[in-house]
Amino acid sequence: MEPCWTPCSTGSAARSRPRPASSWPTSPKPLYQLLVLATLLSARISADVAVAAARELYAAGYGTPRGMREASWQDRVDALGRGHYRRYDERTATMLGDGADLINDRWKGDLRRLRDEAKGDERRIADLLMEFPGIGPTGADIFLREVQAVWPQVAPHLDKRVLDGAGKLGLPRQARPLAELAHSGDELARLSAALVRVSRSKKSVDAVKSAAAAG
């Protein structure tokens, strides 16, 4: 069974991440699952709930563009509800169905085709991602932060939230110097995700500084 994407940028949900990003396949299924999760995380809802809802969708057989498209609107609503994604369930069920139509019709269910249409250009990839219902700048950033582990064309993707986290820890706030602290695409994705957590939580900042002082 292929793993679903569970980005480390989702705070406490990161502990459920099944394996290092670099070992995940770059085939259409996990890439689509990352897109679905980025859509769910784009709403004003907790990361844990978004991850739980994504897992319910995948468990119900909607972890591929074809599966999502063939599911009824009510099936998608029910799966989201089982993940407690209730506040936005009806609107999100519609967006996921429309997004499945888009990826199937335009890119034959394969986000690698989207990447190739953009010729690997990070900004163009982001623009194309934002054509999916429910994906705005935040969702595109989530997708690109994670996928840079396996799509070197978009690395380094270090958005404002990542750079803000870096600044709180006294690390470089410029993308290129910060990226040089990582030695692989996987390390860069993990560093980015950790810095997102730092940018959101003073507790995380204090924990990192305490650990550094102890070391």
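See the structure above.
Bear in mind the structure is a predicted one, so any value in this text is a computation, not a measurement.

## What to know about the environment of Met68
Part 1 of the argument: Looking at the secondary structure, you find Met68 in helix H3 (residues 65-70).
Part 2 of the argument: Sequence separation between Met68 and Asp101 is 33 residues, and the spatial gap between their C-alpha atoms is 8.8 Å.

## Here's the deal with the packing of helix H1 (residues 28-41) against helix H2 (residues 47-59)
Part 1 of the argument: Orientation of H1 relative to H2, taken along the N-to-C sense of each, is 140 degrees, at an axis distance of 9 Å. In this view, H1 runs oblique relative to H2, as classed from their interaxial angle. Crossing handedness for the pair H1 and H2: right-handed. Listed contacts from H2 to Gln33, Val36, Leu37, Leu40 and Leu41 of H1 are Ala47, Ala50, Val51, Ala53, Ala54, Leu57 and Tyr58.
Part 2 of the argument: The class makeup of the residues in the contact of H1 with H2 is 11 nonpolar, one polar and no charged.

## Some remarks on the packing of aromatic side chains
Part 1 of the argument: One pass over the structure, following the stated rule, counts three aromatic pairs.
Part 2 of the argument: Centre to centre, the rings of Phe143 and Trp151 are 5.8 Å apart; their planes meet at 65 degrees, and the pair counts as edge-to-face.
Part 3 of the argument: Judged by relative accessible area, which is 1%, Phe143 ranks as buried.
Part 4 of the argument: In this structure Trp151 comes out as buried when scored by relative accessible area, which is 0%.
Part 5 of the argument: In this structure, Arg115 is placed above the aromatic ring of Trp151, and the distance from its NZ or CZ to the ring centre is 5.0 Å.

## Topic: unusual backbone geometry
Part 1 of the argument: For the peptide bond that leads from Ala155 to Pro156, omega is 0 degrees, which places it in the cis range.
Part 2 of the argument: Tracing the chain through its elements places Pro156 in the loop between helix H8 (137-147) and helix H9 (160-168).
Part 3 of the argument: One non-glycine residue with positive phi stands out, namely His84, at about 65 degrees.
Part 4 of the argument: On the secondary structure map, His84 appears in the loop between helix H4 (73-82) and helix H5 (89-107).

## Quick notes on the nonpolar core
Part 1 of the argument: One finds Leu40, Leu57, Leu111, Leu129, Phe143, Val147 and Trp151 to be the most contacted residues of the largest nonpolar core, which totals 46 residues.
Part 2 of the argument: Apart from residues no more than four positions distant in its own chain, Leu57 is found in contact with Val36, Leu40, Tyr62, Gly63, Met68, Arg76, Ala79, Leu80 and Leu96.
Part 3 of the argument: Formed by 10 residues, the second largest nonpolar core is a distinct cluster that contains Leu158, Ala179, Ala182 and Val196.

## Some details on the packing of H1 against H5
Part 1 of the argument: Contact geometry for H1 and H5: axes closest at 11 Å, N-to-C directions at 150 degrees. You can see that H1 and H5 cross each other, and the crossing is right-handed. Between H1 and H5, the residues in contact are Tyr32, Val36, Thr39 and Leu40 and Thr92, Leu96, Ala100 and Ile103, respectively.
Part 2 of the argument: Its residues placed into classes, the contact of H1 with H5 shows six nonpolar, two polar and no charged.

## A look at H1
Part 1 of the argument: With 14 residues, H1 ought to run about 20 Å at 1.5 Å a step, and its terminal C-alpha atoms sit 20 Å apart, in line with that.
Part 2 of the argument: When H1 is considered as a whole, its buried residues turn out to be Pro30, Leu31, Tyr32, Gln33, Leu34, Leu35, Val36, Leu37, Ala38, Thr39, Leu40 and Leu41.

Calculation criteria
- Residues numbered from 1 in each chain as written.
- Predicted model: local features only at pLDDT ≥ 70, side-chain atom pairs only at ≥ 80, totals over all residues.
- Heavy atoms only, no water.
- Helix = DSSP H or I, 4+ residues; strand = E, 2+ residues; numbered from the N terminus.
- Axes fitted to C-alpha atoms, helices over the stretch in contact; angles between N-to-C directions.
- Parallel < 35°, antiparallel > 145°, perpendicular 65-115°, else oblique.
- Left-handed = near helix turned anticlockwise from the far one by under 90°.
- Contact = heavy atoms within 4.5 Å.
- Nonpolar A, V, L, I, M, F, W, Y, C, P; charged D, E, K, R; others polar.
- Phe/Tyr/Trp six-rings, centres within 6.5 Å; stacked < 30°, edge-to-face > 60°.
- Buried < 20%, exposed > 50% of the residue type's maximum accessible area, 1.4 Å probe, protein only.
- Lys NZ or Arg CZ within 6 Å of the ring centre and 35° of its normal.
- Core = buried A, V, L, I, M, F, W, Y, C linked by side-chain atoms within 4.5 Å.
- Expected span 1.5 Å × (residues − 1).

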